[in-house]
Every structure is written in structure tokens, then in C-alpha cells.
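Chains, contacts and geometry: an overview
Letter by letter, the chains look like this.
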Amino acid sequence: MFVDKEKSLLQKAQARLKELEKLNPLHEQTNIPQLLEDTGISRRDFMKWATAMTTALALPASFIPLTAKAAELADRLPIVWLHMAECTGCSESLLRSDGPSVDSLIFDYISLEYHETLMGASGWQAEQNFETAIEKHKGNYILMVEGGIPSGDTEHCLTIGPLGHSGAENCKKAAQNAKAIFAIGSCSSFGGIQAAAPNPTAAKPLYQIITQPVINVPGCPPSEKNIVGNVLHYLLLGTLPPTDAFKRPLWAYGHRIHDLCERRGRFDAGEFVQNFGDEGAEKGYCLYKVGCKGPYTFNNCSKLRFNSHTSWPIQAGHGCIGCSEPNFWDSMGPFEEPVSNHLFKTTFGGVGADAISDKIGITVLSAVAIGIAAHAALSTIFKDKENKH
Ligand code: FSX
Ligand code: SF4
Ligand code: F3S
């Protein structure tokens, strides 16, 4: 049955790529294979990249040549990228590597149609480029939006270009004829820092501004692989990826940070950093007690990492701050204290979960699968202890 499923998926992708090949490339002067060659990225490195991407997308190995082909045909798929209220970290995540990566090259190449940070144009010319791109590629372009979107009485707080259109207006306009829509980063997915209390500009996530379906690619910022992977998935299969309850693609956000963490063995063994800079920190102990939110956060950072696969927050020595979760600025802080402390502090007279875990052993904490279940489980344990007194 699995073999049949794989075969039909493969055939679907092959047919899709054939169709894509018939479309006009965005640029006539050059193409992606040429660009890779000019940049010194060998075929071997490119195939390595295609292998890593296929694995990341949870596709079978038989897809590797197709992933490579899809990347080469990425110039059949124009991208319009809008910036709303944000720090541009999402674009930076993609573009700032020490050398051009396959991801950044492909992306640079296909998104030239309209990207407010990358394009050379400004003022009237930029406005014109926006209109031209969405008209020329009507019904064919992918829309990617970065940033939270001011709304209501404060919608004008984000006013763009000489015509003075609001961010919300531009999103609505660009969404009308987009083939697929991605909210890039936690700001566009869930509101992000702009929407953190007291949310002075009534910033909203993209899905609350437009009526079309949106795939969320959160993270502050998301990794370049999570951004490019979604484009590849769409290129390969012509469909949007399956998602979780928060519309996050399962291939990227299907597992908790805690379950994929290289320090998980330390957690299970009860070996914790107690303070930054202590001996435990030097030894790479678990960062839970200095605030790691990995048990509450769904993302694939440990697998794909950032900056051309160099590192990720926990590898660098700081806990996960839950940056791909809805409202993480309000719900996950303070970032250097365990969330469970807040959950239990008030309820149980100042006794945090970590005080409990010290007494009853951290193994109980892990055995009950910390995370959402931890609240209920620890409550029970705490009550049991109370009853015995
Ligand atoms: Fe910044 Fe993007 Fe955070 Fe937001 O990333 S990295 S504030 S998710 O919109 O630029
Ligand atoms: Fe890793 Fe954080 Fe889980 Fe510890 S609590 S194992 S550092 S994700
Ligand atoms: Fe964000 Fe946590 Fe990954 S803070 S980058 S989801 S490790």
C-alpha cells in the first residue's frame, strides 16, 4: 500500500513538473542551473542539497531527482513578497549566509518580481513594479507576506509608498489573484511582536486580514529551509502541504523542539544548567531550568538549523523561547524562567514546578510528557503530595 502511495505521488510530481516546464521562465538571459554553475556550486553539492531538502520535506528518497528538478524550475513560479510591520529578520534568515547558498540563490532569483527589501526600485517605480507584477502574473504567483498588519483605526500606521496605501490594502490586493499564500514568520502568522500587549497598532496576522487560505510559516525568524521548503513542496506537488491546527506545515512543525533536541538525554538524566555560565552550561546540560520552552514549541530547528545549517538557539547555549508558537511574546516570557513556574506559582503558593521536580525527581516530569500535559499531571502529583500531609 505504501509503495502504491509513493508511486502515485511520484507520478503526480512528474506530471506537475512537466507542466511547469512548459511555462515561460521568469528570465530569459539565464537559468538556475547556469546560476549555480556561475556561483561555483557543483552538481554534487546541489544534489546534496536536494537530498537534504527531500528528507526535510518527509518525502521518499525516490523524490531526490524531482526535488532537484523542481528547484531548477523554480523560475516558473513568480513570488511577490510584501513587508508589513516587522524587523526583516525573515528575509535576512534567508539571504544572510556567508556565501550564496542554494536556498538563497533560488530565492533571490525567483523573487525578483517584487520584494521590497531586495529590489532596486523605490518610490513611484516600486509602486509600479508591484502593480505590474500582480497584473502580469495574475493567478500564477505565490504571495509571501512578512510582518504583522496594523488594522482598524490604526491601519494607517503602516502606510506604504507614494500612493499611501495601507499594508492591509496591499495584502488584500495581492491576495486576490495569488495562486498560494504563505505568512512568513511569526508576525505574519500570529501577529508577533507588534501584536504583543498592548498591541498599540492593533496588529493582526495575515489570516485575519484576508479571506483566502493562508499557510503559516512561523518562527522569529523561520529558517531558510522552512521558507524554501514550502515553495519546493508547492512546485513539486502543486498543492499546499498538510498542516496542524495553527495552519503550520506538518513537515516542518510536526514535532516538538524537545523531542528533537540534542540535549534531551541531559533532560532525561536530570542534568540541568542552573545558571548561565555554570559548569552545567559548559557541559551542555539541559536548559529547561533557565527558561527553555522547547517542551511547548513545535519546530524543526535542531534538524535544519540556521545560517546555512551552522547552529540553532539551544546549540548556541540559550533555551528555545518558543518563537514559532502563537502569542509567544506574551505567553512564553520571561524567557529565562521556566513556563511551569508561572503556571504553578500562583496556584500553589509560590512553589514552582522546578521546586517540585527537585523533590520528586525530574524523571516524573519527563515520564508524564511535559508540555501541555505537564500542567494537569503536575497538579495531580502536587495534590497527591498534599493529601499525604
Ligand atoms: Fe522579524 Fe520577520 Fe521576527 Fe517578525 O521575522 S525575525 S520580527 S517573525 O516578521 O522580520
Ligand atoms: Fe532541549 Fe530545552 Fe528540552 Fe532541555 S528542555 S531537552 S534544552 S528542548
Ligand atoms: Fe525559535 Fe525555539 Fe527554534 S526560539 S528558532 S523555535 S529553537
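Refer to the structure above for everything that follows.
An account of the accompanying structure is given in this report.

Let's shift gears to the nonpolar core. Trp49, Met144, Leu232 and Leu236 are the most contacted members of the largest nonpolar core, which has 51 residues in total. It is helix α10 (residues 224-237) that provides the largest number of residues to this core, a total of 8 residues. Apart from residues lying up to four places away in sequence, Trp49 is in contact with Ala71, Val102, Asp103, Ile106, Lys225, Val228 and Leu232. Core analysis: the next-biggest nonpolar cluster, separate from the first, contains 26 residues, Met84, Ala126, Ala174 and Ala175 among them.

So, about the pattern of salt bridges. What the rule picks out here adds up to 15 salt bridges. Note that Lys69 and Glu21 form a salt bridge whose closest N and O atoms lie 3.2 Å from each other. Here Lys69 is found in helix α4 (residues 64-72), whereas its partner Glu21 is found in helix α1 (residues 2-22), with 48 residues between them in sequence. With relative accessibility at 39%, the residue Glu21 sits in the partly exposed group. Note that Asp45 and Lys48 form a salt bridge whose closest N and O atoms lie 3.9 Å from each other. Here Asp45 and its partner Lys48 are both found in helix α3 (residues 43-56), 3 residues apart, which amounts to about one turn of the helix.

Let us now look at helix α7 (residues 123-136). A rise of 1.5 Å per residue sets the reference length of α7, with its 14 residues, at 20 Å; its end C-alpha atoms lie 20 Å apart and thus fit the reference within 8%. Of the positions making up α7, those classed as buried are Ala126, Glu127, Phe130, Ala133 and Ile134. Projected onto a plane normal to the axis of α7, the buried residues spread over an arc of 130 degrees and lie on a single side. In this structure, α7 carries Trp124, Glu135 and Lys136 as exposed residues pointing more than 90 degrees from its buried face. Buried residues along α7 sit against β1 (79-83), β2 (114-115), β4 (159-160), β5 (165-166) and α8 (167-176).

Residue placement: His83 occurs in strand β1. Setting aside chain neighbours within four positions, we find His83 in contact with Thr88, Ser91, His115, Glu116, Thr117, Glu146 and Ile160. A distance of 3.5 Å separates polar atoms of two side chains, one belonging to His83 and the other to Trp81. A distance of 2.7 Å separates the side chain of His83 from the side chain of Glu86, its partner in a polar contact.

Now for the environment of Gln315. Within the element layout of this structure, Gln315 appears in helix α16 (residues 313-316). Using a relative accessible area of 34% as the deciding quantity, one classes Gln315 as partly exposed. Put simply, Gln315 and Arg263 are 52 residues apart on the chain and 8.7 Å apart in space, counted from C-alpha to C-alpha. Leaving out residues up to four positions away in the same chain, Gln315 has contacts with Glu262, Arg263, Arg305 and Thr310.

Listing the buried residues of α8 in full gives Gly167, Ala168, Asn170, Cys171, Ala174 and Ala175. Down the axis of α8, the buried set is contained in an arc of 160 degrees. They therefore lie on one face.

Further remarks concern the sheet that holds strand β6 (residues 180-184). Backbone hydrogen bonds are what pair the strands of a sheet, in a parallel or an antiparallel way. If you trace the 5 strands from one edge of the open sheet to the other, you get β2-β1-β3-β6-β7, paired in parallel fashion. The strands lining the two open edges of the sheet, one partner per strand, are β2 and β7 (215-217).

We now examine the site of ligand 1. Ligand 1 sits among 13 residues. The nearest are Cys87, Gly89, Cys90, Cys187 and Cys220. At a separation of 3.3 Å, an oxygen atom of ligand 1 approaches a polar backbone atom of Cys90. Listing elements by their share of the shell around ligand 1, those giving two or more residues are α5 (89-95) and α9 (185-190). The leading source of residues in the shell around ligand 1 is α9, at 3 residues. Taken together, the residues that form the shell around ligand 1 break down as 5 nonpolar, 6 polar and 2 charged.

Basis of the calculations
Residues numbered from 1 in each chain as written. Chains lettered and ligands numbered in written order. Predicted model: local features only at pLDDT ≥ 70, side-chain atom pairs only at ≥ 80, totals over all residues. Heavy atoms only, no water. Core = buried A, V, L, I, M, F, W, Y, C linked by side-chain atoms within 4.5 Å. Buried < 20%, exposed > 50% of the residue type's maximum accessible area, 1.4 Å probe, protein only. Helix = DSSP H or I, 4+ residues; strand = E, 2+ residues; numbered from the N terminus. Contact = heavy atoms within 4.5 Å. Salt bridge = Lys/Arg side-chain N within 4 Å of Asp/Glu carboxyl O. Expected span 1.5 Å × (residues − 1). Arc of directions from axis to C-beta. Polar contact = N/O pair within 3.5 Å; in protein donor to acceptor, adjacent residues only side chain to side chain. Pairing = 2+ DSSP bridges. Near = heavy atom within 4 Å. Nonpolar A, V, L, I, M, F, W, Y, C, P; charged D, E, K, R; others polar.

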